[in-house]
Amino acid sequence: MTTARIDTARLTGDNLVGAVDVRGAAGSFHATNPANGDALDPVYGEADAATVARAAELAAAAFEAYRHTGFGPRAAFLESIAREIEGLGDVLVDRVIAETGLPEARGRSEIARTTGQLRLFAEVVREGSWTGARVDRPDPMRSPLPKPDLRQRRIPLGPVAVFAASNFPLAFSVAGGDTASALAAGAPVVVKAHPAHPGTSELVGRAVRAAVREHDLPEGTFSLIHGGVDTGSALVRDPRIRAVGFTGSRRGGLALVAAAAARPVPIPVFAEMSSVNPVFVLPGALAERGAQLGADFVASLTTGVGQLCTSPGLVFLADGPGADDFVDAASAAVAAASGAPMLNPGIAAAFAAGVRRLAATEAVRTVATGGDAGAACTGVPQLFVTTGERFLADRQLQEEVFGPASVIVRVSAAEQFATLVDELEGQLTATVHTTPADRELARTLLGKLELIAGRVLFDGWPTGVEVGHAVVHGGPFPATSAPSTTSVGSRAIERFLRPVAYQNVPDDLLADEIRADNPLGIWRRVDGAVTRD
């Protein structure tokens, strides 16, 4: 195996434990270029138990000071992280490409999304309503009992462990949404880098550390450690860690949930795990634009080599006008598509195994296969067709195949869609394609789909998640381990906060957000009314 060199001047292979570089002693590994199999410098040291414990210790020591940072300084800190990441420029882009096989445009868009999220949370922190401030004023004359003075606000849970994702080396990784929202909430963060892109992680980790230093924050506000399953388990089990953010496989997420639940003091795990993101094409839409929808579906399916958590893994059609057009157009688009490098050998192997399982399943027919690009970890697009009866009889057809593969399920009548929804697991997304003629069926489906999915969209495709205030990137199990939350958008901050009520506490002892004169000028609920007074 040859060793490739991609501007390693800024990389050391160390763990970033607070302000100190620590060489891991639990083993070593290197990143691999998925396009050609080359090893990438430098060699990384896995964090041993003492290193993990030190990172957690520093985070706990930083918590009291960091949680009391003012809204303005905390927001400025998040903005500084964004600027530091942008300052890495082409060095960061080149390393992303080398470690993931993603195209340059995707790398640059991830940088923009990452810095955009950081700036979004800076705005959220400054605005202040995330504190959930409530004031119920006292009434000493109330009969038969006086009404007490009650105030409520949200405070951070404590240090958060964040597990970087494989498929988003920036936006769901070291300074991604979990880290940004935890820091916005006032919680120090210990990130476990994903072993597939440690160089990208180190570059971004050093950018975060520079911002910590710039704002004279406690060094334990942020740490970055490298390692595998043992490292992650040790981090979750450390009693100083109070919550976990995770994006990855169902198996990995459930292992962390079990580890967190087995602690003497259990902690919440906010894990995004598995979703096949069903698409329902209603009869009117199918008859009107079946061929176009088939082609558009494959464009969504092959985005990012299918390695997006919102990739459409199931499509439901009813036999009738346009159904054959959809399947024919989708088959032609898959056959014309070329495979591309997947993120790492493990993901490529799991995808190949999933495709073999589908191809060997009774009453599932392979209708199209894309071209093989010949890369070291190529993901070749695959399309399968089955019947509604077979889908209902074989729950394995609901299992996610992470990559550019999807199953079209053809039923005899669209009225069967409601029964099919009742059999689906929890999902990140559910999609409906419709026309005005489909309105009543669409209304029925919407009422069912909102019970199983975090985001229901009409006449579009699920890939691509808008980062904003109204978005939900979550859903019932197994899409996530915490269906009442979202990992994307401004409400993601709520995962790392808990409410506290203050009864008859003297005003001068209270935090600014719940003091009588509202010195921060934020929106609050006072005696039930939302006001800034």
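Presented here is an overview of the structure given in this document. Being a predicted model, the structure only gives us computed values, none of them experimental.

1. Topic: the overall build of the chain
Across its full length, the chain holds 13 helices and 24 strands. The C-alpha atoms of the chain give 25 Å as radius of gyration, which agrees with the globular expectation for 533 residues (24 Å, within 12%). Summarising its shape, the C-alpha atoms of the chain cover approximately 70 × 70 × 40 Å along the three principal directions. Taken over 533 residues, the chain has a buried fraction of 57%. When the accessible surface of the chain is summed, it comes to about 20,600 Å², and 54% of that surface belongs to carbon and sulfur atoms. Charge separation in the chain, taken as the distance between the mean sites of 48 positive and 59 negative side-chain charges, equals 5 Å.

2. Description of the layout of surface pockets
Roughly 1,300 Å³ of internal volume is contained in the largest pocket. Phe246, Gly248, Ser249, Arg250 and Gly252 are, among the 43 residues lining the largest pocket, the residues nearest its centre. Among the secondary structure elements, those contributing two or more residues to the lining of the largest pocket are helix 6 (229-237), strand 11 (243-247), helix 7 (250-261) and helix 10 (345-359). The element best represented in the lining of the largest pocket is helix 10, accounting for seven residues. Of the residues contributing to the lining of the largest pocket, the split by class is 18 nonpolar, 16 polar and nine charged. Taken as a whole, the second largest pocket spans an internal volume of roughly 410 Å³. Together, 19 residues line the second largest pocket, and Ser129, Trp130, Gly132, Arg154 and Glu494 are the ones closest to its centre. Of all the elements, helix 3 (residues 104-127) adds the most residues to the lining of the second largest pocket, at three residues. Looking at the lining of the second largest pocket, its residues break down into six nonpolar, five polar and eight charged.

3. Observations regarding the pattern of salt bridges
Applying the stated rule across the entire model yields 32 salt bridges. Between Arg151 and Asp149 there is a salt bridge, and its shortest N-O distance comes to 2.9 Å. An identical accessibility class is assigned to Arg151 and Asp149; each is buried. We note a salt bridge from Arg390 to Glu362, for which the minimum N-O separation is 3.5 Å. One end of the pair, Arg390, is in helix 11 (residues 388-393); the other, Glu362, is in the loop between helix 10 and strand 16 (365-369), with 28 residues separating them in the sequence. Classification of Glu362 as exposed rests on a relative accessible area of 57%. Beyond isolated ion pairs, a larger network of salt bridges with shared partners links Asp149, Arg151, Asp507, Asp512 and Arg515.

4. Describing the packing of helix 8 (residues 283-301) against helix 9 (residues 323-336)
Packing of helix 8 against helix 9 leaves a shortest axis separation of 7 Å and a crossing angle of 20 degrees. Taken together, the axes of helix 8 and helix 9 lie roughly parallel to each other. As for how helix 8 packs across helix 9, the hand of that crossing is right-handed. Contacts between helix 8 and helix 9 involve Leu286, Gly290, Ala291, Leu293, Gly294, Ala295, Phe297 and Val298 from the former and Ala323, Asp325, Phe326, Ala329, Ala330, Ala333 and Val334 from the latter. Residue classes in the contact of helix 8 with helix 9 are distributed as 12 nonpolar, two polar and one charged.

What counts, and where the lines are drawn
Residues numbered from 1 in each chain as written. Predicted model: local features only at pLDDT ≥ 70, side-chain atom pairs only at ≥ 80, totals over all residues. Heavy atoms only, no water. Helix = DSSP H or I, 4+ residues; strand = E, 2+ residues; numbered from the N terminus. Rg over C-alpha atoms; globule rule 2.2 N^0.38 Å. Buried < 20%, exposed > 50% of the residue type's maximum accessible area, 1.4 Å probe, protein only. Areas by Shrake-Rupley, 256 points an atom, 1.4 Å probe, with all protein chains shown as cover. Lys, Arg positive; Asp, Glu negative; His and termini not counted. Charge placed at Lys NZ, Arg CZ, Asp CG, Glu CD. 1 Å grid on protein atoms, 1.4 Å probe; cavity = no way out; pocket = protein on both sides within 12 Å on 5 of 7 lines; lining within 4 Å. Points joined across faces, edges and corners; volume = space filled by probe spheres on them. Nonpolar A, V, L, I, M, F, W, Y, C, P; charged D, E, K, R; others polar. Salt bridge = Lys/Arg side-chain N within 4 Å of Asp/Glu carboxyl O. Axes fitted to C-alpha atoms, helices over the stretch in contact; angles between N-to-C directions. Parallel < 35°, antiparallel > 145°, perpendicular 65-115°, else oblique. Left-handed = near helix turned anticlockwise from the far one by under 90°. Contact = heavy atoms within 4.5 Å.

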